[in-house]
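Below, each chain spelled out in residue letters.
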Amino acid sequence: MIATRRTLLTGLALTLAAPALIRPARADEPVPPLGEDGLHKPDWIVETFRDMRDDLEEARANGKRLLIMVEQRGCIYCTRMHEHVFTDDALARTLREDYMVVQMNLFGDIPVTDFDGEELGERDMMRRWGVVFTPTMLFMPEEVPESGTAAQNAVMMMPGAFERGTTGLMLRWVLERGYEGDEHFQHYVARMLNEG
């Protein structure tokens, strides 16, 4: 009963405190343009040949973490993220400076090479990775064995759209390697809310 009560109290704290982490988007914040594929193209998206092994190596060489962001044309949640979350200066700066973000199209056909060498079009690779929601963010570790898929090796998978506070804390938690410790991400969020 105590664990359930603690879970409920943490959830209630997150629900009540989350608005404090959300700042409304300013009218002068630019919304990134749409590409030919119908996906938003902010300046922190990196175009690559989508070979996950090469992308991870490039991210590491630049002192960044590899983040795979899966979206789809017409996704209202992706649009919300680009118009109201990623327009935050601090979040955009973190994505630009600390992450190498590779965008994937849930229903695209551009070839993707997984960490184990399997090559498939985006649509089939997303099926292989079990990605069914957009947006979905896959945070990759700094080193990945030459086996398994990106989804199997990801240190965190964030399916769905979240507000600025949760998104910013996830970006920070991954950079701090919170996944290596015993503190669950939800407890980390609650602690940050209590300290902040």
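Here, the structure is the one placed above.
Notes on the structure in this doc start here. Given the structure is predicted, the values throughout are model-derived calculations rather than measurements.

1. Focus on the pattern of salt bridges
No. 1: Using the criterion set out here, one finds 15 salt bridges in the structure.
No. 2: In this structure, glutamate 122 and arginine 50 form a salt bridge, with 3.6 Å as the shortest nitrogen-oxygen distance. Of the two residues, glutamate 122 sits in helix 5 (residues 122-129) while arginine 50 sits in the loop between helix 1 (2-21) and helix 2 (52-61), which places them 72 residues apart along the sequence.
No. 3: With relative accessibility at 3%, the residue glutamate 122 sits in the buried group.
No. 4: Classification of arginine 50 by relative accessible area gives buried; the value is 6%.
No. 5: Two residues, arginine 191 and glutamate 195, come together in a salt bridge whose shortest N-O distance is 3.4 Å. In this pair, arginine 191 and glutamate 195 are both assigned in helix 8 (residues 185-195), four residues apart and thus about one turn of the helix distant.
No. 6: Take arginine 191: its relative accessible area is 32%, and that puts it in the partly exposed class.

2. Some thoughts on the packing of aromatic side chains
No. 1: All told, the structure shown has five aromatic pairs when counted by the stated rule.
No. 2: With centroids separated by 5.2 Å and ring planes inclined at 80 degrees, the aromatic side chains of tryptophan 44 and phenylalanine 86 adopt a geometry described as edge-to-face. Highlighted residues: tryptophan 44 in the loop between helix 1 and helix 2 and phenylalanine 86 in the loop between helix 3 (76-85) and helix 4 (89-98), separated in sequence by 42 residues.
No. 3: What makes phenylalanine 86 buried here is its relative accessible area of 6%.

3. Observations concerning the environment of valine 46
No. 1: Mapped onto the elements, valine 46 comes out in the loop between helix 1 and helix 2.
No. 2: Each C-alpha atom of the pair valine 46 and glutamine 103 lies 7.5 Å from the other, and the pair is 57 residues apart in sequence.
No. 3: Leaving out residues up to four positions away in the same chain, valine 46 has contacts with Met100, Val101 and Val102.

4. Points about unusual backbone geometry
No. 1: Put simply, threonine 134 and proline 135 share a cis peptide bond, and its omega is -5 degrees.
No. 2: If you check the backbone angles, arginine 50 has positive phi at about 60 degrees while not being a glycine.
No. 3: Located in the positive-phi region is arginine 177, a residue other than glycine, with phi close to 60 degrees.
No. 4: Inspection of the secondary structure assignment puts arginine 177 in the loop between helix 7 (164-175) and helix 8.

5. A short note on the pairing of strand 5 (residues 136-139)
No. 1: Every second residue of strand 5 is oriented toward a common face, with Thr136 and Leu138 on one face and Met137 and Phe139 on the other, all of them buried.
No. 2: Strand direction decides the pairing type here: strand 1 (residues 65-71) and strand 5, joined by four bridges, are antiparallel. Among the inter-strand pairings, valine 70 is bridged to a residue of strand 5, identified as threonine 136.
No. 3: Note that strand 5 and strand 6 (residues 156-159) share four bridges and pair antiparallel. Directly across from threonine 136, in strand 6, lies its bridge partner proline 159.

6. Some remarks on the nonpolar core
No. 1: Formed by 25 residues in total, the largest nonpolar core has its most connected members in Trp44, Leu67, Leu95, Tyr99, Val101 and Phe139.
No. 2: Every element with two or more residues in this core is listed here: strand 1, helix 3, helix 4, strand 2 (99-105), strand 5, helix 7 and helix 8.
No. 3: With near-sequence residues (within four places) excluded, tryptophan 44 lies in contact with Met69, His82, Phe86, Ala92, Leu95, Arg96 and Val101.
No. 4: Counting residues in each nonpolar core, the second largest holds 21 residues, with Val102, Leu106, Ala150 and Ala154 among its members.

7. Some words on the packing of helix 7 against helix 8
No. 1: The N-to-C vectors of helix 7 and helix 8 enclose an angle of 115 degrees; their axes lie 11 Å apart at closest approach. When the axis of helix 7 is compared with that of helix 8, the two are roughly perpendicular. Where helix 7 crosses over helix 8, the handedness of that crossing is right-handed. The residues of helix 8 that touch helix 7, namely those facing Thr166, Leu169, Met170, Arg172 and Trp173, are Phe185, Tyr188, Val189 and Met192.

8. Some details on helix 4
No. 1: Among all positions of helix 4, only Leu91, Ala92 and Leu95 are buried. For helix 4, the angular spread of the buried residues around the axis is 100 degrees, confining them to a single face.
No. 2: In this structure, the buried residues of helix 4 make contact with strand 1, helix 3, strand 2 and helix 7.
No. 3: In this structure aspartate 88 caps helix 4, since a side-chain oxygen of it lies 3.1 Å from the backbone nitrogen of alanine 90.

Criteria and thresholds
Residues numbered from 1 in each chain as written. Predicted model: local features only at pLDDT ≥ 70, side-chain atom pairs only at ≥ 80, totals over all residues. Heavy atoms only, no water. Salt bridge = Lys/Arg side-chain N within 4 Å of Asp/Glu carboxyl O. Helix = DSSP H or I, 4+ residues; strand = E, 2+ residues; numbered from the N terminus. Buried < 20%, exposed > 50% of the residue type's maximum accessible area, 1.4 Å probe, protein only. Phe/Tyr/Trp six-rings, centres within 6.5 Å; stacked < 30°, edge-to-face > 60°. Contact = heavy atoms within 4.5 Å. Pairing = 2+ DSSP bridges. Core = buried A, V, L, I, M, F, W, Y, C linked by side-chain atoms within 4.5 Å. Axes fitted to C-alpha atoms, helices over the stretch in contact; angles between N-to-C directions. Parallel < 35°, antiparallel > 145°, perpendicular 65-115°, else oblique. Left-handed = near helix turned anticlockwise from the far one by under 90°. Arc of directions from axis to C-beta. Polar contact = N/O pair within 3.5 Å; in protein donor to acceptor, adjacent residues only side chain to side chain.

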